[in-house]
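Residue-level structure breakdown
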Amino acid sequence: HEEGWGNKTDVVLSAVVDVAFPAEKSARELEVKAMKLALQGDLSAAVSLFRKGLGLQPRSSSLHANLGACLLAKREFDSALNSSSQALALLPDWPQGQLLVGRCLFAVERHVEAAAAFARAGGLWLAQGFPQDSQGVEEAALLAGSAAMAALLKRRGGSWRNGSRMHDLSSDTPLLSNASGEAAPPCGS
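Residues numbered from 1 in each chain as written. Predicted model: local features only at pLDDT ≥ 70, side-chain atom pairs only at ≥ 80, totals over all residues. Heavy atoms only, no water.

Things to note about the environment of L54
As a reminder of what qualifies: Segments assigned H or I by DSSP are reported as helices when at least four residues long, segments assigned E as strands when at least two residues long, and all are numbered from the N terminus. Accessibility here uses a 1.4 Å probe with only protein chains present; expressed as a share of the type maximum, an area under 20% marks a residue as buried, one over 50% as exposed, and anything in between as partly exposed. The contact definition used throughout considers only heavy atoms, calling two residues in contact when any of these lie within 4.5 Å.
You can see L54 is positioned in helix α3 (residues 43-56). Relative accessible area serves as the criterion here: at 12%, L54 is assigned to the buried category. When the C-alpha positions of L54 and E24 are compared, they lie 9.9 Å apart, and in sequence the two are 30 residues distant. Residue contacts for L54: discarding those within four places in its chain leaves S60, L63, H64 and L67.

Written out as structure tokens, the structure is:
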């Protein structure tokens, strides 16, 4: 095995896929452009490009998830939940997807469901053996506890929004992945 052989093979396979499946290539290009726009703070333009990409590649979990993350950052909570749920339906064992759906559920004040989604995210991280991502497990556990507390306060007639900074989970929502599946920086930051 020559050093770097895997990278050369990946490049060749990527080129073959691009020629054989031009819609997928175009959708990936739109996703990359949309992520750049989101990072520059132009969430509306990013949302538009994510949606165009989904028109070409409607079964792309990363396009659905990134659209959901941007919609959540724009505080369009119901649309964010819809898009994030579609991503999770396509890739149900994806911990980051569970975390995003949990954030959306929390934003629409469905706290019990949010707590369950956060707990599933933590469980998936542990079950899939992601010891290098202990931060994700810790975040999922903290968010599950916060959502459970919000549900309890709501049941008792109180409001989570009155005394907590944690209610605004949309402000630090990350774009979940780029076209190559790598984690990306927070949407709009």
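There's more to say after this.
So, the confidence of the model for the protein chain
For the record, the criterion: Every residue gets a pLDDT, meaning the predictor's confidence in that residue, from 0 to 100.
Taken over all residues, the pLDDT of the protein chain has a mean of 78, while the share at 70 or more is 68%. Considering only residues more than four positions removed or in separate chains, one finds that residues 1-5, a stretch of pLDDT under 50, has 1 contact. Here residues 162-171 is modelled with pLDDT under 50, and outside its nearest four sequence neighbours on either side it reaches 16 contacts, counting other chains as well.

A few points about a nonpolar patch on the surface
Applicable threshold: What goes into a patch is any residue over 30% in relative accessible area without a salt bridge, connected to like charges within 9 Å or, for nonpolar side chains (Val, Leu, Ile, Met, Phe, Trp, Tyr), within 5 Å. Note on areas: Shrake-Rupley, 1.4 Å probe, and residue coverage restricted to the protein chains presented here. Any Lys or Arg side-chain nitrogen located within 4 Å of an Asp or Glu carboxyl oxygen qualifies as a salt bridge.
A cluster of nonpolar side chains, M149, L152 and L153, forms an exposed patch at the surface whose accessible area comes to about 220 Å². One can find L152 in helix α8 (residues 134-155). A relative accessible area of 34% means that L152 is categorised as partly exposed.

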